[in-house]
Amino acid sequence: MDSVGVLMACPMSSYLEQELDRRFNLFKFWNFPNRKDFLSENSASIRAVVGNATAGADAELIEALPGLEIVACYSVGLDKVDLGKCKEKGIRVSNTPDVLTDDVADLAIGLILTTLRRLCECDRYVRSGLWKKGDFKLTTKFSGKTVGIIGLGRIGMAIAKRAEAFSCPVCYYSRSQKPDTKYKYFPSVVELASNCHILVVACPLTAETCHIINREVINALGPKGVLINIGRGPHVDEPELVSALVEGRLGGAGLDVFENEPEVPEQLFGLDNVVLTPHVGSGTVETRKAMADLVIANLEAHFLNKPLLTPVV
């Protein structure tokens, strides 16, 4: 298999990079500033693309690779892959579901607790010596608060189960009502936001879910509500979110993803009711290795003419 050309779209994991280099003829896209020249010279030998939440395979790249057979995503999200073009060209697509579910759900709960209990602000309070001058202000309880979840897939369900452990009523919105769940369903995001204290975004990013969190939803969540986003940045209309937080129309936010990563609106930096993390939902040693192993396993299965382990297309 060492003659099979594999294009890695961007830096994502040193372990994955090493394992791909050991098994295949690896091309690192970021090492070629003139991508047009690189593709004209090497396109015929590239049979696979490995992408992630930052870079994948858009229509232009797919068209430039006539020998492309498979796109293996080092992520569960597929918004950086033109699935329609892959289907049209007969290109297989895989992702890394399940292995990252626990980590992302854990982070969602962590963001809720950190935002409501002001843990980052508490940490700064102790480090700066302010505790010696008086106790920290009172914060907000998590246990018993109603948690609304947008998208009750693998990750959404894992968040729901964790929220239940805190005695939180759970409700949700998705494209259709789930028949095998006890959680209350709302037919619109606005209705969901109106009926929960904490709103968690856990759905895939599609044309329909882009800016699913807009001004109307934010206003429905209200000045005591908290928004948690562990999905994708473009799920949220970021200028509307910033203005709502600055104006006090939204109580707080815990954000792991942003519209134009790694750029983050500077207005958020001075807000104590906002917790910011750098897209680390699956960012543990254990999970990133499992994701890399799954990418490699899918590639090897494809080139050995075996079924993919986690097929999407």
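Report on the accompanying structure. (Residues numbered from 1 in each chain as written. Predicted model: local features only at pLDDT ≥ 70, side-chain atom pairs only at ≥ 80, totals over all residues. Heavy atoms only, no water.)

Of the regular secondary structure elements, the protein holds 11 helices and 12 strands. For 313 residues, the compact-globule formula gives about 20 Å, and the C-alpha radius of gyration of the protein, at 21 Å, lands near that figure. Within the protein, the proportion of its 313 residues that are buried is 50%. Considering only intrachain contacts with a sequence separation of at least 6, the fraction spanning at least 24 residues in the protein is 58%. Looking at the protein as shown, the accessible area adds up to about 15,200 Å², and 51% of this sits on carbon and sulfur atoms. Distance from the positive charge centre (34 side chains) to the negative charge centre (38 side chains) of the protein: 6 Å. (Helix = DSSP H or I, 4+ residues; strand = E, 2+ residues; numbered from the N terminus. Rg over C-alpha atoms; globule rule 2.2 N^0.38 Å. Buried < 20%, exposed > 50% of the residue type's maximum accessible area, 1.4 Å probe, protein only. Contact = heavy atoms within 4.5 Å. Areas by Shrake-Rupley, 256 points an atom, 1.4 Å probe, with all protein chains shown as cover. Lys, Arg positive; Asp, Glu negative; His and termini not counted. Charge placed at Lys NZ, Arg CZ, Asp CG, Glu CD.)

Right, let's get into the sheet that holds strand E7 (residues 170-173). Reading across from one edge, E8-E7-E6-E9-E10-E11-E12 is the order of the 7 strands in this open sheet, with parallel pairing throughout. The open sheet has two edge strands with one neighbour each: strand E8 (184-185) and strand E12 (274-276). When strand E6 (residues 147-150) meets E7, the two strands line up parallel, connected through 4 bridges. Residue pairing across strands places Gly 148 opposite Cys 171, the latter belonging to E7. (Pairing = 2+ DSSP bridges.)

Looking only at helix H1 (residues 14-23), the buried set comprises Leu 16, Glu 17, Glu 19 and Leu 20. Residues of H1 that are buried make contact with strand E1 (5-8), strand E2 (25-28), strand E3 (46-51) and helix H11 (285-303).

Leu 16, Ile 159, Ile 230 and Leu 299 are the most contacted members of the largest nonpolar core, which has 51 residues in total. The dominant element in this core, judged by the number of residues it contributes, is helix H5 (residues 101-116), at 8 residues. With residues near it in sequence (within four places) discarded, Ile 230 still touches Val 104, Leu 107, Ala 108, Leu 111, Ile 155, Ile 159, Val 200, Val 201, Ala 202, Asp 256 and Val 257. Ranked by size, the runner-up nonpolar core spans 29 residues in total, among them Ile 150, Val 189, Leu 255 and Val 274. (Core = buried A, V, L, I, M, F, W, Y, C linked by side-chain atoms within 4.5 Å.)

Counted by the stated rule, this structure contains 0 disulfides. Free of any disulfide, Cys 171 has its nearest cysteine sulfur in Cys 196, 5.3 Å distant. Cys 171 sits in the buried class, given a relative accessible area of 3%. For Cys 196, a relative accessible area of 8% corresponds to the buried category. (Disulfide = S-S within 2.5 Å.)

The subject of this paragraph is the sheet that holds strand E4 (residues 70-73). Sheet architecture is open: 5 strands sit in the order E2-E1-E3-E4-E5, paired in parallel fashion. Unpaired on one side and paired on the other, E2 and strand E5 (92-94) mark the two borders of the sheet. Neighbour-to-neighbour, the strand axes of the sheet open up by a mean angle of 20°, direction not taken into account. The pairing of E1 with E3 spans 4 bridges and is parallel. When the sheet's bridge partners are listed, Met 8 is paired in E3 with Val 50. Strand contacts of H11: E3, E4 and E5, with the helix running at about 165° to E4, the strand carrying the most contacts. (Axes fitted to C-alpha atoms, helices over the stretch in contact; angles between N-to-C directions.)

Here we come to the pattern of salt bridges. For the coordinates displayed, the defined rule picks out 20 salt bridges. Ionic pairing is found between Lys 89 and Glu 63, a salt bridge with its closest N-O pair at 3.1 Å. Of this pair, Lys 89 sits in helix H4 (residues 83-89) while Glu 63 sits in helix H3 (residues 59-64), and the two are 26 residues apart along the sequence. Among the residues examined, Glu 63 registers a relative accessible area of 43% and is labelled partly exposed. Glu 164 is the salt-bridge partner of Lys 182, the closest N and O atoms lying 3.0 Å from each other. Of the two residues, Lys 182 is situated in the loop between E7 and E8 and Glu 164 in helix H7 (residues 154-165); the sequence distance between them amounts to 18 residues. Here Glu 164 falls in the partly exposed class, since its relative accessible area comes to 31%. Each of Glu 19, Arg 22, Arg 23 and Glu 300 takes part in a single network of salt bridges with overlapping partners. (Salt bridge = Lys/Arg side-chain N within 4 Å of Asp/Glu carboxyl O.)

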